[in-house]
Amino acid sequence: PAGMVLSVLVILLLSVLYEAVKMGKAVLLRRALLALPRSLSQEALTEPQEGNSDPAQGSPSLMAFPISFPRWFWFHVGQTLFHVVQVVLGYMVMLAVMSYNAWIFLGAIAGSTLGYFV
C-alpha cells in the first residue's frame, strides 16, 4: 500500500511539473516574440559589426554566422530545452498511465488538473 501511494504521488507531481513546463514554454515564447526584430530580413537578424559601415564588405559566409548570437536565438534555445523536458515528462506520464492501474490514472488526471489550476 505504501509503494502504491508513493507511485501515485510521484505521478501526480510529474503531471504538475508537465503543466508547469508547458506554461513556462508559453511564457518564453511570448518573450521570444517580443525579442524578434520587426523586419525578418537577413540584415535585421544579423547584428552589425562595429567599425564596418559597408555591409557589402566581407565574405558572405562570415556574414551568415555572426559571432555574437542575437537575443531571440537564446530564447529559441530555451524553448528547445523546455520542449525536450516537456516531451520526456509527457512520455513518462503516458507510460505510467499505460500500466492500466486506475489509481495511477487518477493520479495523472489529478496532477494535470492541479498543475493547470496553479
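About the criteria used
Residues numbered from 1 in each chain as written. Predicted model: local features only at pLDDT ≥ 70, side-chain atom pairs only at ≥ 80, totals over all residues. Heavy atoms only, no water. UniProt positions renumbered as here; feature names shortened; annotations may be inferred. Salt bridge = Lys/Arg side-chain N within 4 Å of Asp/Glu carboxyl O. Helix = DSSP H or I, 4+ residues; strand = E, 2+ residues; numbered from the N terminus. Core = buried A, V, L, I, M, F, W, Y, C linked by side-chain atoms within 4.5 Å. Buried < 20%, exposed > 50% of the residue type's maximum accessible area, 1.4 Å probe, protein only. Contact = heavy atoms within 4.5 Å. Patch = residues over 30% accessible without salt bridge, like charges linked within 9 Å, V, L, I, M, F, W, Y side chains within 5 Å. Areas by Shrake-Rupley, 256 points an atom, 1.4 Å probe, with all protein chains shown as cover. Axes fitted to C-alpha atoms, helices over the stretch in contact; angles between N-to-C directions. Parallel < 35°, antiparallel > 145°, perpendicular 65-115°, else oblique. Left-handed = near helix turned anticlockwise from the far one by under 90°. Nonpolar A, V, L, I, M, F, W, Y, C, P; charged D, E, K, R; others polar. Expected span 1.5 Å × (residues − 1). Arc of directions from axis to C-beta.

Per an unreviewed UniProt entry, the chain carries the name Copper transport protein and comes from Hylia prasina. Listed in UniProt under the heading Sequence similarities (unreviewed entry), the comment for the chain reads: "Belongs to the copper transporter (Ctr) (TC 1.A.56) family. SLC31A subfamily."

Caption draft 1: Region of interest: the pattern of salt bridges. Overall, the coordinates contain one salt bridge when judged by the stated rule. Between Lys22 and Glu19 there is a salt bridge; the shortest N-O distance is 3.2 Å. Of this pair, Lys22 and Glu19 both sit in helix 1 (residues 2–35), three residues apart, roughly one helical turn.

Caption draft 2: Expanded view of the nonpolar core. Ranked by size, the top nonpolar core spans nine residues in total: Val8, Ile11, Leu14, Val21, Leu89, Val93, Ala96, Ile104 and Ala108. Of all elements in the fold, only helix 1, helix 4 (71–97) and helix 5 (102–117) reach the threshold of two or more residues within this core. Of all the elements, helix 1 adds the most residues to this core, at four residues. Setting aside its immediate chain neighbours within four residues, Val8 contacts Trp103, Ile104 and Gly107.

Caption draft 3: Highlighting the UniProt feature "signal peptide" (unreviewed entry) in the chain. UniProt's entry tags residues 1–20 with the feature "signal peptide" (unreviewed entry), counted in the numbering of this structure. From the first C-alpha to the last, residues 1–20 spans 29 Å; its make-up is 95% helix and 0% strand.

Caption draft 4: Spatial organisation of a nonpolar patch on the surface. A surface patch of nonpolar side chains, about 680 Å² in accessible area, is lined by Val87, Tyr91, Met94, Leu95, Met98 and Tyr100. Relative to the assigned elements, Val87 resides in helix 4.

Caption draft 5: Fine view of the packing of helix 1 against helix 4. Two elements in contact, helix 1 and helix 4, have axes separated by 9 Å at closest approach and are oriented at 160 degrees. Relative to helix 4, the element helix 1 is oriented roughly antiparallel. With respect to the hand of their crossing, helix 1 and helix 4 are arranged in left-handed fashion. Across the contact of helix 1 with helix 4, the residue classes break down as 17 nonpolar, seven polar and four charged.

Caption draft 6: Quick look at the side chain of Ser15. By the secondary structure assignment, Ser15 is in helix 1. When near neighbours in sequence (up to four residues on either side) are disregarded, Ser15 contacts Val93, Gly107, Ala108, Gly111 and Ser112.

Caption draft 7: Quick peek at helix 5. A rise of 1.5 Å per residue sets the reference length of helix 5, with its 16 residues, at 22 Å; its end C-alpha atoms lie 22 Å apart and thus fit the reference within 8%. For helix 5, every residue scored as buried is listed here: Ile104, Gly107, Ala108, Gly111 and Gly115. Seen from one end, helix 5 has its buried residues packed into an arc of 100 degrees, which puts them on one side. The exposed set on the far side of helix 5, more than 90 degrees from its buried face, consists of Ala102, Trp103, Thr113, Tyr116 and Phe117. On its buried face, helix 5 is in contact with helix 1 and helix 4.

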